[in-house]
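# Coordinate inspection notes
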Amino acid sequence: MHCGKYIKSQTVKLCIVVLHIDGIRSPLASRCYSHAKVETDEEFDARWVTYFSKPDIDAWELKKGMNTLIGYDLVPEPKILDSALRACRRLNDLASAIRILEAVKDKSGPHKDIYPYLIQELQPTLIELGISTPEDLGMDKL
Amino acid sequence: MSLAKPAMRGLLGKRLRFHLPIAFALSLVAAAAFKYGVTEPRKQAYADFYKQYDTTKEFNNMRDAGVFESVRPTGE
């Protein structure tokens, strides 16, 4: 997204607002005038898959990772979630596994097509690890 | 039938890029509407009232009504 488009006098304020939200399309940590190398989506995904794949990941790291991930302006890719669910399995933490599913459903916001897609992609993992979805448990209703 | 991959990144950014300029514009419109619908007519009403205001006549009316402490009504 070319930032020069926003440099008009009445929308300079808007540009600053947009820059302060990590919501600029594709690269996550991008500032219009920085010379820093921009991480691609694939690199970002790979980094997070690696994070959750640590064999001796501990409960704190799992929570911290998930909370950080949820803070971004994106819904995590199925491969990242797969890695996180396997980390939950290693930690014997079924509660967190189900919570992760609830979290990504919430992250999708008004976009109702994202969650069904994620469940579809994660189905083999959910079956293998024996994870019930919130819908299976009736936890999606108030 | 398997679902296609939807857009999953930058959803908030997209929403803000759409809604913030509109919000900004609507706020300016609201401010302008209030200024020209309320404050300017109000200022004009005051100006019109005081254009033809006879201070001496009104003072004497108030004086005769007995609302002052510093001056008694005329004739007392």
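Look up a bit, the structure's there.
Residues numbered from 1 in each chain as written. Chains lettered and ligands numbered in written order. Predicted model: local features only at pLDDT ≥ 70, side-chain atom pairs only at ≥ 80, totals over all residues. Heavy atoms only, no water.

### Focus on the overall build of chain A
As a reminder, the rule being used: Going along the chain from the N terminus, every DSSP run of H or I of four or more residues is numbered as a helix, and every run of E of two or more is numbered as a strand. Should any heavy atoms of two residues lie within 4.5 Å, those residues are counted as being in contact. The accessible surface values rely on the Shrake-Rupley method and a 1.4 Å probe; as for residues, cover is taken only from the protein chains in view.
Looking only at helices and strands, chain A has six helices and zero strands in total. For chain A, the N- to C-terminal ordering of α and β elements is α-α-α-α-α-α. Considering only contacts in chain A between residues 6 or more positions apart, those separated by 24 or more positions represent 60%. In the structure as shown, chain A presents an accessible area of about 8,500 Å², 58% of it carried by carbon and sulfur atoms.

### Observations regarding the overall build of chain B
Filter applied, for reference: This radius of gyration counts C-alpha atoms alone. The globule rule is 2.2 Å times how many residues there are, raised to the power 0.38. Buried residues are those whose accessible area, probed at 1.4 Å on protein chains only, stays under 20% of the maximum for their type, while exposed residues exceed 50% and partly exposed ones sit between those limits. Positive charges come from Lys and Arg, negative ones from Asp and Glu, while His and the chain ends are left out of the count. Here the site of a charge means NZ on Lys, CZ on Arg, CG on Asp, or CD on Glu.
Helix and strand counts for chain B come out as two helices and zero strands. Rg of the C-alpha trace for chain B: 30 Å, well past the compact-globule value of 11 Å for 76 residues, more than 25% over. The principal-axis extent of the C-alpha atoms belonging to chain B is close to 100 × 25 × 20 Å. Across the 76 residues in chain B, those meeting the buried criterion constitute 11%. As displayed, chain B has an accessible area near 6,200 Å², and 61% of this comes from carbon and sulfur atoms. Both charge centroids of chain B, one from 12 positive and one from 7 negative side chains, sit 32 Å from each other.

### A few points about the pattern of salt bridges
Let me state the cut-off plainly: By definition, a salt bridge exists where a carboxyl oxygen of Asp or Glu is found within 4 Å of a side-chain nitrogen of Lys or Arg.
Evaluated as defined, the whole model comprises 18 salt bridges over all chains. Across the pair Glu77 of chain A and Lys5 of chain B runs a salt bridge, and its minimum N-O distance is 2.8 Å. Within this pair, whereas Glu77 of chain A is found in the loop between α3 (59–70) and α4 (78–90), its partner Lys5 of chain B is found in the segment before α1 (11–51), the two belonging to separate chains. As a salt-bridge pair, Glu40 of chain B and Lys43 of chain B come within 3.0 Å of each other at their nearest N and O atoms.

### A few points about a nonpolar patch on the surface
All names here are of chain B. Our working definition: Put simply, a patch holds well-exposed residues, over 30% relative accessible area, that have no salt bridge, with like charges counted together within 9 Å and Val, Leu, Ile, Met, Phe, Trp or Tyr side chains within 5 Å.
Judged by side-chain polarity, Phe18, Ile22 and Leu26 come together as a nonpolar surface patch covering roughly 310 Å² of accessible area. Along the chain, Phe18 turns up in helix α1. Exposure remark for Phe18: the relative accessible area of 52% places this residue in the exposed category.

### A look at the packing of helix α2 (residues 41–53) of chain A against α4 of chain A
Residues and elements named next belong to chain A. Test applied: Axis lines are fitted through C-alpha atoms, for helices just across the contact stretch, and the angle between N-to-C directions can take any value from 0 to 180 degrees. Orientation labels follow simple angle bins: below 35 degrees gives roughly parallel, above 145 gives roughly antiparallel, 65 to 115 gives roughly perpendicular, and whatever is left gives oblique. Note that Gly is not counted as nonpolar here; it falls among the polar residues with everything else outside the nonpolar set of Ala, Val, Leu, Ile, Met, Phe, Trp, Tyr, Cys and Pro and the charged set of Asp, Glu, Lys and Arg.
For the pair α2 and α4, interaxial distance at closest approach is 8 Å and the crossing angle is 10 degrees. The angle between the axes of α2 and α4 places the two elements in the roughly parallel class. From α2, Asp45, Trp48, Val49, Phe52 and Ser53 reach across to α4, where they touch Lys79, Ile80, Ser83, Ala84, Ala87 and Arg90. When the residues that make up the contact of α2 with α4 are grouped by side-chain class, the tally is six nonpolar, two polar and three charged.

### Quick look at unusual backbone geometry
All names here are of chain A. For Asn92, which is not glycine, the phi dihedral falls at a positive 55 degrees. As for its placement among the helices and strands, Asn92 is situated in the loop between α4 and α5 (94–107). In this structure Asn92 comes out as exposed when scored by relative accessible area, which is 61%.

Keep in mind that these numbers describe shape and distance, not what the molecule does.
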